[in-house]
Protein chains: 2
Amino acid sequence: MEEKEISQAVIGRLPRYFRYLGQLKDEGIERVSSQELSDIMKVTASQIRQDLNHFGGFGQQGYGYNVGYLYEEIGKILGLDKEHKLIIIGAGHLGQALANYVNFERRGFIFCGIFDNDPAIYGTQIRDIEVRPVEEMEDFIKSNNVDIAVLTIPKQCAAAIAERLVSCGIRAIWNFAHVDLNVSEEIQVENVHLLDSLMKLSYNLASRRK
Amino acid sequence: MEEKEISQAVIGRLPRYFRYLGQLKDEGIERVSSQELSDIMKVTASQIRQDLNHFGGFGQQGYGYNVGYLYEEIGKILGLDKEHKLIIIGAGHLGQALANYVNFERRGFIFCGIFDNDPAIYGTQIRDIEVRPVEEMEDFIKSNNVDIAVLTIPKQCAAAIAERLVSCGIRAIWNFAHVDLNVSEEIQVENVHLLDSLMKLSYNLASRRK
DNA sequence: GAGGAACTGTCAATTTATTGACAGAAAAAA
DNA sequence: TTTTTTCTGTCAATAAATTGACAGTTCCTC
């Protein structure tokens, strides 16, 4: 899809650009220069221009960037113009919290199933979707064309579940389990290691950064 | 505390080293070389040695690293040898999920209060701690010596709450609200922008990164 | 206890990321 | 219209991060 491989550092900044542009759009602002945006976002104007230029020339000399257009384009680059079906594996507190987070839907991430291995909660309704036994996971993925699996399960089961997900054709895993998944390179994995993040905060607190 | 500023790239890798070392320790393994660790962790041995060396020579030529010792030392560097009291602002689904996550306690992060602005849930018990009105937040922080505030509130209220937190002396914020907080440089902020993470996954899915 | 193998710590080389500079295009002003 | 200003896209320079190389220490074997 892309000609040259674009670094994850750049990709990681796109959602933030998207967020600020959405905000400017909501404020009714139609154009913005890299300099203005850099002031708001506290990054260099050079970085903004460089980043955006990886994907093509969205701006115009002497004018800047059209907020609405750039917002749309970054949305497309991020794949937000398409719907992604996602299922959640693990209906514990975190799984349920994510299932209830409606903002994902606004960006095209459609929550369509949640699975657990505890019979006591089978059938529990979360936003009109009932908790299913994890045994039904494979069939559900195949028959519902699921793109993304969200892993909110204990680390002990994560590897086994990941393997099952891969073998039934899932393409992406959003992993909240506190282990690194060892799956094929073709499967996209995005880790959210909350404890790691908290430890980083703890370090910075202890070392009184800046 | 530290002589030279250590880059956030290095800090960000420490929790992962810590995790793998903990695992080796649990398996009863006493020593490990940077080469062995690099094989397991899929990073270069050079990077491991370089990273660890920022904090001092933990290894021994011809022997490698003592797993238990290195584990302890990284724990100290991350500040995990001390207890950190944390409170959660926002008792929605995510706030409650985090409040219920007992693994934080194992690393010294003590959940000791949760606040909300919805009177309907005041008094609700979460792990023996009741949801308090957010008005009591400031007094609670001051009288309980709270280190970290976890923000699980809508982005609209985040800035105002952050300001209140800062003015009553909080030193660190773990921010789950989908905005960048504009607080003094002395306050450590660690953002967990779930939607950004999901968008990154979406991009990689769309561009089929290897 | 001597010799070879296994390692680290560190320095240098390389790669990657970020920032600065500027030519030239468009817009705004005169 | 002409001139001046604004602002991008891009290239070059700088800075930062990662990797490679190796001297020298320790361990292990014989």
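None of these values were measured; they are calculated from a predicted model.

Attention now moves to the domain arrangement of chain A. When cut into domains, chain A gives domain 1 (8–77) and domain 2 (84–196). Placing a centre on the C-alpha atoms of domain 1 of chain A and another on those of domain 2 of chain A gives a separation of 32 Å.

Looking now at the protein's contact with DNA strand D. Around DNA strand D, a shell composed of 27 residues is seen, among which S34, N53 and Q61 of chain A together with S46 and Q61 of chain B lie nearest. The share of sugar and phosphate among atoms of DNA strand D within 4 Å of the protein is 61%. Among the elements that line the surface near DNA strand D, the one with the most residues is helix α3 (residues 45–53) of chain B, at 4 residues. For the surface near DNA strand D, the class distribution of residues is 4 nonpolar, 18 polar and 5 charged.

Looking now at the packing of helix α7 (residues 137–144) of chain B against helix α8 (residues 155–167) of chain B. Residues and elements named next belong to chain B. α8 packs onto α7 with a crossing angle of 35° between their chain directions and a minimal axis gap of 10 Å. Every pair of crossing elements has a handedness; the one defined by α7 and α8 is right-handed. Taking contact as the criterion, the partners of M137, E138 and I141 in α7 are, on α8, I161, R164 and L165. Per-class residue counts for the contact of α7 with α8 are 4 nonpolar, no polar and 2 charged.

By nearness alone, 26 residues border DNA strand C, and S46 and Q61 of chain A together with S34, N53 and Q61 of chain B come closest of all. Put simply, 59% of the atoms of DNA strand C that lie within 4 Å of the protein are in sugar or phosphate. Interatomic distance of 2.9 Å between a side-chain N/O atom of R13 of chain A and a phosphate oxygen of DNA strand C. Between DNA strand C and the protein, one listed contact pairs a phosphate oxygen with a side-chain N or O atom of N53 of chain B at 2.3 Å. Among the elements that take part in the surface near DNA strand C, helix α3 (residues 45–53) of chain A stands out by supplying 4 residues, more than any other.

Here the focus is the relation of the copies chain A and chain B. When chain A is fitted to chain B, the residual RMSD is 0.0 Å, and the transformation amounts to a turn of 180° plus an axial shift of 0.0 Å. The two molecules are tied by a two-fold rotation axis, judged by turn and shift. Both copies contact each other with a shared surface, as 100% of the interface residues of chain A are interface residues in chain B too.

Thresholds applied
- Residues numbered from 1 in each chain as written.
- Chains lettered and ligands numbered in written order.
- Predicted model: local features only at pLDDT ≥ 70, side-chain atom pairs only at ≥ 80, totals over all residues.
- Heavy atoms only, no water.
- Domains from an automatic or database assignment.
- Near = heavy atom within 4 Å.
- Helix = DSSP H or I, 4+ residues; strand = E, 2+ residues; numbered from the N terminus.
- Nonpolar A, V, L, I, M, F, W, Y, C, P; charged D, E, K, R; others polar.
- Axes fitted to C-alpha atoms, helices over the stretch in contact; angles between N-to-C directions.
- Left-handed = near helix turned anticlockwise from the far one by under 90°.
- Contact = heavy atoms within 4.5 Å.
- Polar contact = N/O pair within 3.5 Å; in protein donor to acceptor, adjacent residues only side chain to side chain.
- Least-squares fit on C-alpha atoms with pLDDT ≥ 70 in both.

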